Amino acid sequence: QVQLVESGGDLVQSGGSLRLSCTASGIIFRNYAMGWYRQAPGKQREMVATITSGGSTNYADSVKGRFTISRDNAKNTLYLQMNSLKPEDTAAYYCNAKQTLWGKIDNVWGQGTQVTVSS
């Protein structure tokens with residue numbers, strides 16, 4: 001059974017920090033590219049940060065220098081360390097796992113965890 005479970009979302013003050021976790025099961029975790037996406041009310045879901053199976057990272061311009069994505073393959077877990085949080089970071093954050101096999105892309109999504117930043 002394939003499953004991604006996010007945790008760590010909370011209500012925090014502007015300037016504070018939060019660490020999100022995503023634990024995967026039912027997939028060969030080390031072979032998947034992983035990512036964090038977020039969606040605020042009235043907006044489309046956007047990429048926040050991604051990390052390849054080889055460890056290469058990519059960040060949205062809005063979070064560069066503040067957020068850090070990492071993975072622990074031994075624990076089948078993806079992390080997002082969020083520092084210097086701003087009210088505009090408020091959104092539901094989703095974990096994603098992706099693998100391309102024989103030209104076909106497999107995608108797995110978690111249920112999301114809410115992050116709310118107060119001013």
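If you're wondering where the values come from, they're calculated on a predicted model, not measured in any experiment.

**Student:** Looking at this model, I keep getting lost on the nonpolar core. Mind explaining?
**Tutor:** The tendency in soluble globular proteins is for nonpolar side chains to be buried side by side. Ranked by internal contacts, the top residues of the largest apolar core, which has 31 residues, are Trp 36, Leu 80, Met 82 and Tyr 93. For this core, the elements supplying multiple residues, two or more each, are β3 (18–25), β4 (33–39), β5 (46–51), β7 (67–72), β8 (77–82), β9 (91–101) and β11 (113–118). Tyr 93 has contacts with Glu 6, Leu 20, Trp 36, Tyr 37, Arg 38, Val 48, Phe 67, Leu 80, Met 82, Gly 112, Thr 113 and Val 115, leaving out every residue within four places of it along the chain.

**Student:** Looking at this model, I keep getting lost on the environment of Asp 89. Mind explaining?
**Tutor:** Turning to its location among the elements, Asp 89 is positioned in the loop between β8 and β9. Classification of Asp 89 as buried rests on a relative accessible area of 1%. Put simply, Asp 89 and Glu 6 are 83 residues apart on the chain and 17 Å apart in space, counted from C-alpha to C-alpha. In this structure, Asp 89 is in contact with Arg 38, Arg 66, Phe 67, Ser 84, Val 115 and Val 117, ignoring residues within four places of it in sequence.

**Student:** Got a minute to help me understand the pairing of β4 in this structure?
**Tutor:** For a regular strand, side chains alternate in direction, first toward one face of the sheet and then toward the other. Burial within β4 is extensive, with five of its seven residues counted as buried. Alignment of β4 against β9, held across seven bridges, turns out to be antiparallel. Directly across from Gly 35, in β9, lies its bridge partner Asn 96. Where β4 meets β5, five bridges bridge the pair, whose relative direction is antiparallel. The partner of Trp 36 across the bridge, within β5, is Ala 49. Hairpin connection of β4 to β5: six residues between the antiparallel strands, including Gly 42 at a positive phi of 80 degrees.

Thresholds, definitions, all that
- What you see as residue numbers is a count from 1 along each chain, following the sequence as written.
- Local features in a predicted model are, by the rule used here, given only for residues with pLDDT of at least 70; side-chain atom pairs are given and counted only at 80 or more, and totals for whole chains, interfaces and linings are based on all residues.
- By convention in this description, side-chain values take in all heavy atoms of the structure and omit both hydrogens and water.
- What makes a nonpolar core is a set of buried Ala, Val, Leu, Ile, Met, Phe, Trp, Tyr and Cys residues whose side-chain atoms join them at distances within 4.5 Å.
- Throughout this description, buried means an accessible area under 20% of the type-specific maximum (1.4 Å probe, protein chains only), exposed means over 50%, and partly exposed covers the range between.
- Helix numbering and strand numbering both begin at the N terminus, where a helix is a DSSP run of H or I of at least 4 residues and a strand a DSSP run of E of at least 2.
- Here, two residues are considered to be in contact whenever any of their heavy atoms come within 4.5 Å of each other.
- Whether two strands pair comes down to DSSP finding at least two bridges between them.

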